[in-house]
Amino acid sequence: MPGYDGAVTIYSPDGHLLQVEYAQEAVRKGSTVVGLRTKDSIVMGVEKKAVDTLQVERTARKIRKLDDHLVVTFAGLTADARILLNRAQGEAQSHRLNFERPATVEYITRYIAKLKQSYTQSNGRRPFGVSCLIGGFDADGKPRLYQTEPSGIYYEWAANTTGRLGKTMREYLEKNTPAMSNSPDDAAAIKHVVRALHTSTALNASFYEVAVLKYQQPLHMVSPTMVAHLVQVIKQEVADEEARLKKSLDTKTYARPLWAGQK
Amino acid sequence: MPGYDGAVTIYSPDGHLLQVEYAQEAVRKGSTVVGLRTKDSIVMGVEKKAVDTLQVERTARKIRKLDDHLVVTFAGLTADARILLNRAQGEAQSHRLNFERPATVEYITRYIAKLKQSYTQSNGRRPFGVSCLIGGFDADGKPRLYQTEPSGIYYEWAANTTGRLGKTMREYLEKNTPAMSNSPDDAAAIKHVVRALHTSTALNASFYEVAVLKYQQPLHMVSPTMVAHLVQVIKQEVADEEARLKKSLDTKTYARPLWAGQK
Amino acid sequence: MPGYDGAVTIYSPDGHLLQVEYAQEAVRKGSTVVGLRTKDSIVMGVEKKAVDTLQVERTARKIRKLDDHLVVTFAGLTADARILLNRAQGEAQSHRLNFERPATVEYITRYIAKLKQSYTQSNGRRPFGVSCLIGGFDADGKPRLYQTEPSGIYYEWAANTTGRLGKTMREYLEKNTPAMSNSPDDAAAIKHVVRALHTSTALNASFYEVAVLKYQQPLHMVSPTMVAHLVQVIKQEVADEEARLKKSLDTKTYARPLWAGQK
Amino acid sequence: MPGYDGAVTIYSPDGHLLQVEYAQEAVRKGSTVVGLRTKDSIVMGVEKKAVDTLQVERTARKIRKLDDHLVVTFAGLTADARILLNRAQGEAQSHRLNFERPATVEYITRYIAKLKQSYTQSNGRRPFGVSCLIGGFDADGKPRLYQTEPSGIYYEWAANTTGRLGKTMREYLEKNTPAMSNSPDDAAAIKHVVRALHTSTALNASFYEVAVLKYQQPLHMVSPTMVAHLVQVIKQEVADEEARLKKSLDTKTYARPLWAGQK
Amino acid sequence: MPGYDGAVTIYSPDGHLLQVEYAQEAVRKGSTVVGLRTKDSIVMGVEKKAVDTLQVERTARKIRKLDDHLVVTFAGLTADARILLNRAQGEAQSHRLNFERPATVEYITRYIAKLKQSYTQSNGRRPFGVSCLIGGFDADGKPRLYQTEPSGIYYEWAANTTGRLGKTMREYLEKNTPAMSNSPDDAAAIKHVVRALHTSTALNASFYEVAVLKYQQPLHMVSPTMVAHLVQVIKQEVADEEARLKKSLDTKTYARPLWAGQK
Amino acid sequence: MPGYDGAVTIYSPDGHLLQVEYAQEAVRKGSTVVGLRTKDSIVMGVEKKAVDTLQVERTARKIRKLDDHLVVTFAGLTADARILLNRAQGEAQSHRLNFERPATVEYITRYIAKLKQSYTQSNGRRPFGVSCLIGGFDADGKPRLYQTEPSGIYYEWAANTTGRLGKTMREYLEKNTPAMSNSPDDAAAIKHVVRALHTSTALNASFYEVAVLKYQQPLHMVSPTMVAHLVQVIKQEVADEEARLKKSLDTKTYARPLWAGQK
Amino acid sequence: MPGYDGAVTIYSPDGHLLQVEYAQEAVRKGSTVVGLRTKDSIVMGVEKKAVDTLQVERTARKIRKLDDHLVVTFAGLTADARILLNRAQGEAQSHRLNFERPATVEYITRYIAKLKQSYTQSNGRRPFGVSCLIGGFDADGKPRLYQTEPSGIYYEWAANTTGRLGKTMREYLEKNTPAMSNSPDDAAAIKHVVRALHTSTALNASFYEVAVLKYQQPLHMVSPTMVAHLVQVIKQEVADEEARLKKSLDTKTYARPLWAGQK
């Protein structure tokens, strides 16, 4: 099939843009990230690759400020993301300068999405291999959360996730997010994000990075100690739930005659 | 056949522009949209993909204003559509500025169509994978509805549909639209559009989005409740029709001797 | 044979420009159009695709004014034609502005032909998939009719046709046009054009569109009623002719012994 | 062998420029043209394709003035020729303007040849598929005749021919031209050109077009009647010659014993 | 697989940028380099290819100053590195000029990383085949060490290594670096770097080059004599360790009955 | 092997520039040319293709003045040569204008060579298929002779030859040129050049063209009569030599016993 | 393997830049050149291809001045070298003009190396097929010698060689150069260079060209007579050495019993 993905992003006979889909594949190989919008906060959480013991964590951070009121994270090619987000950061600054007020969250999202789309229709340039979660506050003080894809598509979300993610995590998010969306309880929101990541990755706590952005406040990175503590709590909860579930199942099993085959 | 769709939109030996046809394929994979022009309104309806429960509906909206007097929807690649429609929106604004009156519906349609055609004849750029329905009002206060294809073709319509659409829907539209075209009854028109979508997609009401544009009035999004109500009404009507039809068929069947095999 | 039609219009080993020939193939797939030059009129006729009942006929029109004294129609890719003819229209206007008199019919034809040729010799752009019939009046008040091909060739004609056309139509035109060329009888000319289209397409009358341009008069679209009437007249004539022919053949057959097998 | 003629005019391993040779093939598919330089005239003759009865002959003319003192004809792609000769015509006009005297015949030939060569060495453009015969007068009042090839080669000739030509014609020209070169007899020259065309094509007279250019005189198109008359005369001469030849052969045959097989 | 790495850096179906991965392969073929950040120094060490006895060592040096406060080394294509580092050097100078203070280490790292990324997304240019270690001091007098990859990714490190490196070396670094990171003992740091290189390459001492950069001090190249001395010390240490290990193993072996099979 | 000579002049795995070698092949297919530098003259001789009897010799001339003091001839593609030499001629004129003295022979040679080289390293342009012999006089009145190849290589020569040439000719030149190099005898030099051409081509005299350039004198074309005369003289000499050689061989043969087999 | 070296210099899967390696192959096909840096001189020597007896040696010279204080020679494509060195010469002149002092040897080397590297990373241009030896003097009066490769790599050398070279020559150079490096004896240095060339090529003396550059002195070309004399001396020395060696071997052989098999 080399002819279809030769030199530029073109259509395959069944209407697909293969280079865009391959870029999406690069995103699906990236670390898992989660974004959540509560009543008055944006909470971002990322799975961190097993950091080399020699690496300085600061530069490995994947949650980043774009402007005082904007926080962003991403899944996919880190180098591509850096270029893309630097340009977005420049646009945010230039917006402040030109219009004497911060850009809205959607404005910056649109800017990123447009840049991405243009690379899917340019002569001889590949699409960006990056999916971004962009959170922030508009002039009304309300939090907003957006996601953009390599194709240039974007939507607004109450919560979303991208990268190497499992079905369980999405199910967890869909089931448990609504309660969070109008809650002012940051602690609960942080725990929710950590638990979502834990659901998907089942990795050690030291590998999660979580940040909270509130209106007109600086970006707050949740301390690793707190994250570690939350992971312990979650582990216990999961264990309890499983125990409860097992007990309930056992009870039910007990109700069935022993000669009944397991279903 | 890679040679024919290698780097640019070129002709196949039998005179086809393959990249344009593949882009059309991308349109045929998009959600179904319907546009209707009544005596004094434009009604647009779209099938919505099963929206993730976490998605904020507002950004997922596919019916969009281009100018005070112009409404548009589309089927195909959302990111492409956004670029195309942003440029059209810019053109509409610039027309107002330069000529001190709004652009006609056909002017904007022509602008979009020309942009699309140019991407089918440019060195190394793929065509837009988008089909647009453009509705609006000219200075005479008359509603007009146009459709453009990835090739850059456009026509004016009393009603039309594009995207992943069934034959039944088109038949329904052709049969039932004429009565609407000169009717000032918006409620009937909205129901007509919902029923057309229902005919094709047979999905749950919450997945339809409907909007009405009237001369010198803001774009009116029909409430989900109303849409849901209409779907119930339509379901009942369809059930009644089928019952009637069945009865009539039974009567006829009755007329045939029992030993006659079913046809 | 992919190598010969890879990226640009180049020669095949036997001296053919394949992309140009494939573009011609796109023309041969288009609807049939006819142009006729009488003593003092240009008559254009087009076969119309079975128009969707919902389509607004006005935009589907394929006979178009380029300037007050110029009428044009085409076969092939509609979107390409629109671009090409818009540029020709611009050139006609600019000619009026710069030289304070209308462009001659040949001047505009040459402009279109030159544009077409340039796309057969450009780096990475495909030829236009359009054949145009261009009619109009020069300062001497004489009608002139030209045709251009995707290659950029053009000639002047007393009458011509292009698109999906049959041999019968061309034979009909060659046999019957000379009588028209110096006739001032528009009614006869219109009937001639309709009959030519009928010869080729044998379709229902509602699918022909006919227009007449006279010196210093606005373009006159022949009414569908008139076209329908003409089709009836022609059908009767054809039937009469066939009857006459059959009779004459029968007479001849009669002259042959009955046991002679049919030839 | 697609690799050698892929995107531009490049060398094959044995030092050939294939696209140039294929363009030459397009020339060899064109109508036959003849040019003759007599003592004080340029005579051009072309074979005309069986013109459609509806075609207006004027635009189908292949003998064309480039300037008051320059006449040109060509074989090959008509649309390419038009572009090439329009540019030459522009150059001739611009030469008059800049230098206040007409360009020499060789100057214009060189201009055309240079343009042709540049298309054999440009990135992504095909060579012109045209061979030109250029005749005219320099300031000394002497006629000159040149020919250019798709490669950009040009030479001066007493007489030459290009297009779909037979060996017989070239032999006829080589044998019979010298007598013409210093003759002031236009009538004889015209007959010579017609006979050369007749030798090669053996077609009906109505299909030859002949023109004569003399110093400081307008281009004279020989009337079709005259051409037809000359064809008749030539046919008679050919018949007479053949008769004479046959007789002479018969005499010789007679000299051979009857049992000798025909050679 | 030629289609995926044809003309530019594009995605393979599984989301990889092959040209970037091949450039990384070029890095993995380069000489091993090590960078270490101690409490107040940057120590860089490189394995030197067996230098031709005729080569002047000075130009073969791979540890280079970018600015008074910046030192850099690299693995991969030397010519690419020179271009890349010259541009970084220019940027450092221009930063001093424009902002009247030195660029931070991260600023220069970002500049290099951005340049690298841009070559992975440009039309027709290959990525840089270079991985850089960049060390230096910010205004706070603290040492910082970064590494950039051909993709444009960069991270900060306590110590890192790139090029043709073995697993043993990385293990050695991870185990032994932490003790160094806050140590002000340059001698120990130098020995640490030499031992790391020795672990990986086991080559003769004359083939290591080591440099130390301290805040507001000139770059100090460790003398070859010192390096040679350190290698001797390290060899002895390694021998001693191995002897100790052997002894301990022998003791254990002794403890097992002779008839036990070797594990 | 299409990959190596696809779109530009690139290296084959064994370090060859194939397009340059193919261009050299085009030179080897060209007519033979000879250049000779005597004490105070440049003599150029060319084999002429069997000129069509109708061709005007003047334009077919391959020996050409570049400036008053410069003469040039070439082998290979005539159209390429014309472009190349026109540019050289322009450079010569511009040199006179800018520096108020003629360009040296080497200056113009370098100019041509540089132009040729640039076409071997440009994006998408083929090399010139031409080898040039450039002769002329510098300010010291000394003749100089250079040759350039399609690659852009050039050297100075006492005498040289290029095109479709035989080994015999080169041997003849090498053996007999030294005597000419310091001779002021133009007649002998002309005969030398003719004999060299005769050695190689053994064609009829009318097909040689010979020219002599002396310091501050116009280019002198040797008359065809003189060339014809020289060919006769040479033929006689060759015959005499062969007779002498035969006689000498016979004598030697005689010395061998008759029963010795022929060697 | 055509895909990897298609249109530009790109990476092969194992991290090689194939076009650069093929260019290096072109260098390995070039004539052998040697450069030597003594205490106060640069000596350059080149193997000359068997010069055609008709060639004027002056232009065939491969040792060339770049500036008063700079001498250069090369192996590989002569036409490429000329372009490259002309640009370097221009840079040297421009440096003098701009900075009012000569460029250092390394500055010019860097300039050449940078130019070379840029052609390995440009869209659609092949690398230079040239390896250069650049010698000269800096302001301190010290000689310096550099070598650049097609990749753009450069190093400083006490002595080096490139082109079609044998292992013996490199071994000879490595063994015998150190004694020369600090010697002020030009005669010995010249003999050293000639012997190095002789070691590798074993050709006749007339085919070596040797030049010496000293601080603030013009470039001195060693006379062919001297070179020839040196070759004789060297031949004798080689013969003596071999005799000595043979004798010593014979003695040793004598020491072994006759029945011992040859080792």
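Residues numbered from 1 in each chain as written. Chains lettered and ligands numbered in written order. Predicted model: local features only at pLDDT ≥ 70, side-chain atom pairs only at ≥ 80, totals over all residues. Heavy atoms only, no water.

**Student:** Would you mind going over the sheet that holds strand β4 (residues 64-67) of chain C with me for this structure?
**Tutor:** Remark on secondary structure: sheet strands pair via backbone hydrogen bonds, oriented parallel or antiparallel. On the basis of which strands lie adjacent, the open sheet formed by 6 strands has the order β4(C)-β5(C)-β6(C)-β7(C)-β8(C)-β3(D) and antiparallel pairing. Each end of this open sheet is capped by a strand with a single partner; those strands are β4 of chain C together with β3 (55-56) of chain D. Across 3 bridges, strand β7 (residues 143-148) of chain C lies against strand β8 (residues 154-157) of chain C in antiparallel orientation. Its bridge partner lying in β8 of chain C, Gln147 of chain C is registered against Tyr155 of chain C. In this fold helix α3 (residues 78-99) of chain C packs onto β4, β5 (70-76) and β6 (130-137) of chain C, with an angle of close to 30° to the strand it touches most, β4 of chain C. Lying on the sheet, helix α4 (residues 105-118) of chain C is in contact with β4, β5, β6, β7 and β8 of chain C; it crosses β6 of chain C at an angle near 165°. (Pairing = 2+ DSSP bridges. Helix = DSSP H or I, 4+ residues; strand = E, 2+ residues; numbered from the N terminus. Contact = heavy atoms within 4.5 Å. Axes fitted to C-alpha atoms, helices over the stretch in contact; angles between N-to-C directions.)

**Student:** What exactly am I supposed to notice about the packing of aromatic side chains here?
**Tutor:** Pairs of aromatic rings are described using the distance from one ring centre to the other and the angle between the two planes. Counted under the stated rule, the structure contains 21 aromatic pairs over all chains. When the ring of Phe137 of chain D is compared with that of Tyr215 of chain D, the centres are 5.7 Å apart and the planes differ by 45°; the resulting orientation is tilted. In this pair, Phe137 of chain D sits in strand β6 (residues 130-137) while Tyr215 of chain D sits in the loop between β10 (208-214) and β11 (220-221), placing the two residues 78 residues apart along the sequence. Overall, Phe137 of chain D belongs to the buried group, its relative accessible area being 2%. The lysine or arginine in question, Lys62 of chain F, covers the ring of Phe74 of chain F, its NZ or CZ lying 4.7 Å from the ring centre. (Phe/Tyr/Trp six-rings, centres within 6.5 Å; stacked < 30°, edge-to-face > 60°. Buried < 20%, exposed > 50% of the residue type's maximum accessible area, 1.4 Å probe, protein only. Lys NZ or Arg CZ within 6 Å of the ring centre and 35° of its normal.)

**Student:** Would you mind showing me how to read the relation of the copies chain C and chain D here?
**Tutor:** Both copies of the chain are related through a single rotation about an axis accompanied by a shift along the same axis. The two copies are related by a screw motion: chain C maps onto chain D through a turn of 52° and a shift of 0.1 Å along the axis, at an RMSD of 0.0 Å. Little of the interface of chain C is mirrored in chain D, where only 3% of its interface residues again form contacts. (Least-squares fit on C-alpha atoms with pLDDT ≥ 70 in both.)

**Student:** Can you walk me through the interface of chain C and chain D in this structure?
**Tutor:** A common way to express how large an interface is: the accessible area buried when the components associate. Contacts between the two partners involve 35 residues from chain C, matched on the other side by 32 residues from chain D. Both sides of the chain C and chain D interface together cover about 2900 Å² of buried area, and 56% of this is carbon and sulfur. By the criterion of area lost to chain D, the three top residues of chain C are Tyr11, Gln121 and Tyr155 of chain C, representing 26% of everything that side buries. For the interface between chain C and chain D, the tally reads 10 residue pairs in polar contact (both at pLDDT 80 or more). Sorting the residues of the side of chain C that touches chain D by element identifies α4, β7, β8 and α5 (167-181) of chain C as the ones contributing at least two each. (Buried area = accessible area lost by both parts, 1.4 Å probe. Polar contact = N/O pair within 3.5 Å; in protein donor to acceptor, adjacent residues only side chain to side chain.)

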